[in-house]
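Coordinate analysis (summary)
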Amino acid sequence: MTDRPHLLYVAWGFPPCRGGGVYRALATANRFAALGWKVTVLTADRDTFFRFTGADLTLEERVDPSVEVVRVPFEWPILEADLRKWSKRRAQNPKLWSKWRTKQDQIPFPESGYGPWRSVIEKAAERIHKAHKVDLTVATANPHVAFTAAYHLHKKFQVPYVMDYRDAWLLDVFTGDRLHEPNSRAARWEKKLVESAREVWFVNDPIKEWHEKLYPAQAGRMHTVANGFDPDLVPDTHDRGAVADRPLVFGYVGTVSPKVPLADFVQGWQLAKEQSEELAGAKAKIHGYLGYYAQPRADMLATINAAADDGVSYEGPVGKAEIAKAYDEFDVQLLMLGKGRYVTSGKVFEYLATGLPIVSVHDPENAASDVLRGHPLWFPVADVTPAAIAAALIEAAHAARTADEGIRAKAREFGASYRRDLQLDPRIEALAASVKGVAA
């Protein structure tokens, strides 16, 4: 076999970033390394995550030791909270400055906040390539500016690249609306990126199908690479048995975005407790971030705290490496998502790994329903209303107390098929076969 092929993996959010997409980024880099590639990750400097998104140091420890991580500066002036670092112009008129800054950001690349990073990562990618020839680039979004580094190496050095979408650029995955007009700079950028890509990856079939209609000539290069669970990070999947003699614990792990129907869930929870004795003394524990930033959103926290007497509590963030401890408490899992035909969420796969009952507190049309359909302990809501949520909670509570060993075994078997390496390996193997320097 020849020297290991060299992968450049470009991801703005990489450990210790704690954003949702970081798990896919970490797993992808690690999996390429495990399958014999030399992997270099190009990402933002660590201070970016400590300052703006929150950091998970336990996740950073999971990076394969053979993976070289190259960190480059990232500036996010519009989120700078230290008034001492503000210019006189900004201090005098913050709103006018913000409008000006947003326009400036989009001059290099049409993406607010991230556009100026283009020149930084293009130069870094070229330095990496010149030091050790890159055979393939995989860039993951968002932000979508990450794709520019891959495109730069392709145009200048003919390096093939893969575009890995977590969501979409032109498509609002919640509403199904188009976000950018066909003649916009964003649309023109995506078109030329897709036309030159070796492959384009999407997390579910509905998003892929939307893009296949938009770019029919490139449809054959498009693939669904679903998220999955990481075997070394999932909770214990042994059969815990039915719960007979204690109050049930319902649990949620993940970011509670503004799209999540948190208030409806709380009302549904209160109704369920009134209607079913099987929920007597039950608790609903919410782990993760309330909103997108380190500081919990006050309105979400107030919604949870108002139901404290009914057993609803906010438990704060939990490190990925300690997440199993949180799941060990759960008897039923709560999958709360914003509405959208194109919404799956990486969290659903982690939930599947446990084999525990799952209550879907999301619109039935969400793409997550496609993943869960057939799970023997899945309890979807008929619609996102307090009454429907209460009904699903009551059904799940009954199942947690009565499901026999056979049903629980089938639930674990169903989830096992969504191991993350099973999603990634077919694409990595196909790419290896097409990249120069890999033995046939």
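Just so we're clear, the structure is a prediction, and the values are computed from it rather than from any experiment.

What follows covers the overall build of the protein chain. What the protein chain contains, in helices and strands, is 17 helices and 13 strands. The C-alpha radius of gyration of the protein chain comes to 23 Å, within 12% of the 22 Å expected for a compact globule of 440 residues. In terms of overall dimensions, the protein chain has C-alpha extents of about 65 × 65 × 40 Å along its principal axes. For the protein chain, with 440 residues in total, the buried portion stands at 54%. Counting contacts in the protein chain only where the partners sit at least 6 residues apart, residues at least 24 apart contribute 75% of the total. Carbon and sulfur atoms form 51% of the exposed surface of the protein chain, whose accessible area is close to 19,100 Å². Once the 56 positive and 56 negative side-chain charges of the protein chain are each reduced to a mean point, those two points are 9 Å apart.

Tallied over the full model, the rule gives 23 aromatic pairs. Centre to centre, the rings of tryptophan 12 and phenylalanine 74 are 5.5 Å apart; their planes meet at 75°, and the pair counts as edge-to-face. Residue tryptophan 12 is found in the loop between strand 1 (6-11) and helix 1 (22-34), and its partner phenylalanine 74 is found in the loop between strand 3 (68-72) and helix 4 (88-92); the two are separated by 62 residues along the sequence. Judged by its relative accessible area of 7%, tryptophan 12 is buried. A relative accessible area of 5% means that phenylalanine 74 is categorised as buried. Consider the rings of tryptophan 12 and tyrosine 114, whose centres lie 5.6 Å apart with planes at 85°: the pair is edge-to-face.

Taken together, Lys155, Arg185, Arg188 and Lys192 make up a surface patch of like positive charges. In terms of residues, the positive patch owes the most to one element, helix 8 (residues 185-196), which gives 3 residues. Mapped onto the elements of the fold, lysine 192 is located in helix 8.

The subject of this paragraph is the layout of surface pockets. A volume near 290 Å³ is recorded for the second largest pocket. In terms of lining residues, the second largest pocket is bounded by 14 residues, among which Ala27, Asn30, Arg31, Asp230 and Asp232 are the most central. When contributions to the lining of the second largest pocket are tallied by element, the ones reaching two or more residues are helix 1 and helix 17 (420-434). No other element matches the 6 residues that helix 1 contributes to the lining of the second largest pocket. Of the residues contributing to the lining of the second largest pocket, the split by class is 7 nonpolar, 1 polar and 6 charged.

A few words now on the side chain of threonine 140. Here threonine 140 shows up in strand 4 (residues 136-141). For threonine 140, a relative accessible area of 7% puts it in the buried group. There is a polar contact of 3.2 Å between the side chain of threonine 140 and the backbone oxygen of aspartate 164. Those residues in contact with threonine 140, other than ones at most four positions away along the chain, are Tyr9, Val10, Ala11, Ala146, Phe147, Asp164 and Arg166.

The subject of this paragraph is the UniProt feature "domain: Glycosyltransferase subfamily 4-like N-terminal" (unreviewed entry) in the protein chain. In the numbering used here, UniProt assigns the "domain: Glycosyltransferase subfamily 4-like N-terminal" (unreviewed entry) feature to residues 19-228. Its end C-alpha atoms 16 Å apart, residues 19-228 is made of 43% helix and 14% strand.

A sheet is described by the order of its strands in space; here 6 strands give the open sequence 10-9-8-11-12-13, paired in parallel fashion. Looking along the sheet, the strands with just one partner apiece sit at the ends: strand 10 (312-316) and strand 13 (378-380). Strand after strand, the sheet turns through a mean of 25° between neighbouring axes, direction not considered. Taken together, the 4 bridges between strand 9 (residues 283-287) and strand 10 define a ladder with parallel strand orientation. Within strand 10, the residue paired with alanine 284 across the bridge is valine 312. Sitting on the sheet, helix 13 (residues 347-354) touches strand 8 (249-253), strand 11 (332-336) and strand 12 (358-361), and the angle it makes with strand 11 is about 165°.

Glancing now at the environment of alanine 307. Structurally, alanine 307 is set in the loop between helix 11 (298-305) and strand 10. With 37 residues separating them along the chain, alanine 307 and glutamine 270 place their C-alpha atoms 8.0 Å apart. In this structure alanine 307 touches Val266, Gln270 and Val312, once residues within four positions along its chain are discounted.

Before going further, it helps to spend a moment on the pattern of salt bridges. Applying the stated criterion to the full structure yields 25 salt bridges. Here lysine 133 and aspartate 135 are joined by a salt bridge, their closest N and O atoms 3.1 Å apart. On the accessibility criterion, lysine 133 (48% relative accessible area) is partly exposed. Here lysine 191 ties to glutamate 195 by a salt bridge, and the two come within 2.5 Å at their closest N and O atoms. Pair noted here: lysine 191 and glutamate 195 are both in helix 8, with a separation of 4 residues, about one helical turn. Counted as one network, the salt bridges with shared partners bring together Arg46, Glu60 and Arg71.

Take the domain arrangement of the protein chain next. Per the domain assignment, the segments of the protein chain are domain 1 (6-228 + 420-437) and domain 2 (249-417). Using C-alpha coordinates to define each centre, domain 1 is positioned 30 Å away from domain 2. Summed over both sides, the interface between domain 1 and domain 2 buries roughly 1,800 Å², with carbon and sulfur atoms accounting for 59% of that surface. Ranking the residues of domain 1 by area buried against domain 2 places Arg18, Phe174 and Pro206 at the top, with a combined share of 34%. Put simply, domain 1 and domain 2 have 0 salt bridges between them. At the junction of domain 1 with domain 2, the criterion picks out 3 residue pairs in polar contact (both at pLDDT 80 or more). Looking at the side of domain 1 that touches domain 2 element by element, the count peaks at 3 residues for helix 9 (residues 205-214). By residue class, the composition of the side of domain 1 that touches domain 2 is 13 nonpolar, 8 polar and 3 charged.

What counts as what
Residues numbered from 1 in each chain as written. Predicted model: local features only at pLDDT ≥ 70, side-chain atom pairs only at ≥ 80, totals over all residues. Heavy atoms only, no water. Helix = DSSP H or I, 4+ residues; strand = E, 2+ residues; numbered from the N terminus. Rg over C-alpha atoms; globule rule 2.2 N^0.38 Å. Buried < 20%, exposed > 50% of the residue type's maximum accessible area, 1.4 Å probe, protein only. Contact = heavy atoms within 4.5 Å. Areas by Shrake-Rupley, 256 points an atom, 1.4 Å probe, with all protein chains shown as cover. Lys, Arg positive; Asp, Glu negative; His and termini not counted. Charge placed at Lys NZ, Arg CZ, Asp CG, Glu CD. Phe/Tyr/Trp six-rings, centres within 6.5 Å; stacked < 30°, edge-to-face > 60°. Patch = residues over 30% accessible without salt bridge, like charges linked within 9 Å, V, L, I, M, F, W, Y side chains within 5 Å. Salt bridge = Lys/Arg side-chain N within 4 Å of Asp/Glu carboxyl O. 1 Å grid on protein atoms, 1.4 Å probe; cavity = no way out; pocket = protein on both sides within 12 Å on 5 of 7 lines; lining within 4 Å. Points joined across faces, edges and corners; volume = space filled by probe spheres on them. Nonpolar A, V, L, I, M, F, W, Y, C, P; charged D, E, K, R; others polar. Polar contact = N/O pair within 3.5 Å; in protein donor to acceptor, adjacent residues only side chain to side chain. UniProt positions renumbered as here; feature names shortened; annotations may be inferred. Pairing = 2+ DSSP bridges. Axes fitted to C-alpha atoms, helices over the stretch in contact; angles between N-to-C directions. Domains from an automatic or database assignment. Buried area = accessible area lost by both parts, 1.4 Å probe.

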